[in-house]
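Okay, here's what each chain looks like letter by letter:
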Amino acid sequence: MSKRTRRAAPTTAAARPTVTVCRGCCCGISKIPGLDHTAQLRDLRHALRTSATVRVTDCLDACERANVIVVQPSAEGRRNGGRPVWLGLVNDPDASTDITAWIEEGGPGITEPPGILDLYTFRPSRRIQAELHDQ
């Protein structure tokens, strides 16, 4: 009989917020004219380099709300009751600035989002939410 070494379960909670930027079939393309999609992603990555993890996904299946960004709470934010915040129609540089400022202050579960982000917030179906967490 062998002894088993019990390992701690891997932690899935991030130490800092995670920002998922959709760049699939409708987000990040010329469907939304007048927005430099490459610059938007570059600016988010640069501004959040020390306060959040920014990742790109192929499609979040909320095409009617392109460009979509999901802000997931940090481990501390989740312990405080924070949940992912889905933001759609993020097609204005000012919206990206507001999102960045909120995340730099802690994001979901740490600090309330600025009221202007209410214009962008939406709730996707449970299926779509579950798919994001499976990535």
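In this text the structure is predicted, and so the values were computed from the model without any measurement. (Residues numbered from 1 in each chain as written. Predicted model: local features only at pLDDT ≥ 70, side-chain atom pairs only at ≥ 80, totals over all residues. Heavy atoms only, no water.)

A. Inspection of the packing of aromatic side chains at higher detail. All told, the structure shown has 1 aromatic pair when counted by the stated rule. Judged by centre distance (5.9 Å) and plane angle (75 degrees), the ring pair of tryptophan 86 and phenylalanine 122 falls under edge-to-face. In this pair, tryptophan 86 is assigned in strand 4 (residues 85-87) and phenylalanine 122 in strand 5 (residues 121-122), connecting sequence segments 36 residues apart. Assessed through its relative accessible area of 9%, phenylalanine 122 is described here as buried. (Phe/Tyr/Trp six-rings, centres within 6.5 Å; stacked < 30°, edge-to-face > 60°. Helix = DSSP H or I, 4+ residues; strand = E, 2+ residues; numbered from the N terminus. Buried < 20%, exposed > 50% of the residue type's maximum accessible area, 1.4 Å probe, protein only.)

B. The side chain of serine 96, seen in detail. Its location among the elements puts serine 96 in helix 3 (residues 93-104). Discounting residues that sit within four places of it in the chain, serine 96 has contacts with Gln40, Leu44 and Val90. (Contact = heavy atoms within 4.5 Å.)

C. Structural context of the nonpolar core. Counting 18 residues, the largest nonpolar core has Val19, Ile69, Leu87, Ile99 and Ile103 as the members making the most contacts within it. Elements with a minimum of two residues in this core: strand 1 (18-22), helix 1 (37-47), strand 3 (69-72), strand 4 and helix 3. Contact partners of valine 19, with chain neighbours within four places excluded, come to Leu48, Ala52, Thr53, Val54, Arg55, Ile69, Val70 and Ile103. Listed in part, the 14 residues of the second largest apolar core include Cys26, Leu35, Val70 and Trp86. (Core = buried A, V, L, I, M, F, W, Y, C linked by side-chain atoms within 4.5 Å.)

D. Expanded view of helix 1. Listed in full, the buried residues belonging to helix 1 are His37, Ala39, Gln40, Leu41 and Leu44. Elements that come into contact with the buried residues of helix 1 comprise strand 1, strand 2 (53-57), strand 3 and helix 3. Regarding helix 1, its N-cap is aspartate 36, as a side-chain oxygen of that residue lies 3.3 Å from the backbone nitrogen of threonine 38 further along. (Polar contact = N/O pair within 3.5 Å; in protein donor to acceptor, adjacent residues only side chain to side chain.)

E. Seen up close, the sheet that holds strand 2. Spatially, the 5 strands line up as an open sheet ordered 2-1-3-4-5, and their pairing is mixed. The two strands at the open ends of the sheet, each matched to only one other strand, are strand 2 and strand 5. In the sheet, strand 3 pairs with strand 4 via 3 bridges, with the strands oriented antiparallel. Directly across from valine 71, in strand 4, lies its bridge partner valine 85. Along the sheet, helix 1 contacts strand 1, strand 2 and strand 3; its crossing angle with strand 2, the most-contacted strand, is approximately 155 degrees. Each of strand 1, strand 3 and strand 4 touches helix 3; the most contacted strand, strand 3, lies at about 10 degrees to it. (Pairing = 2+ DSSP bridges. Axes fitted to C-alpha atoms, helices over the stretch in contact; angles between N-to-C directions.)

F. Highlighting the pairing of strand 2. Both strand 1 and strand 2 contribute to a ladder of 5 bridges, which runs parallel. When the sheet's bridge partners are listed, cysteine 22 is paired in strand 2 with threonine 57. Note on the crossover from strand 1 through helix 1 to strand 2: the handedness is right-handed. (Right-handed = clockwise from strand over helix to strand, strands pointing away.)

Any link to function would need more than the numbers given here.
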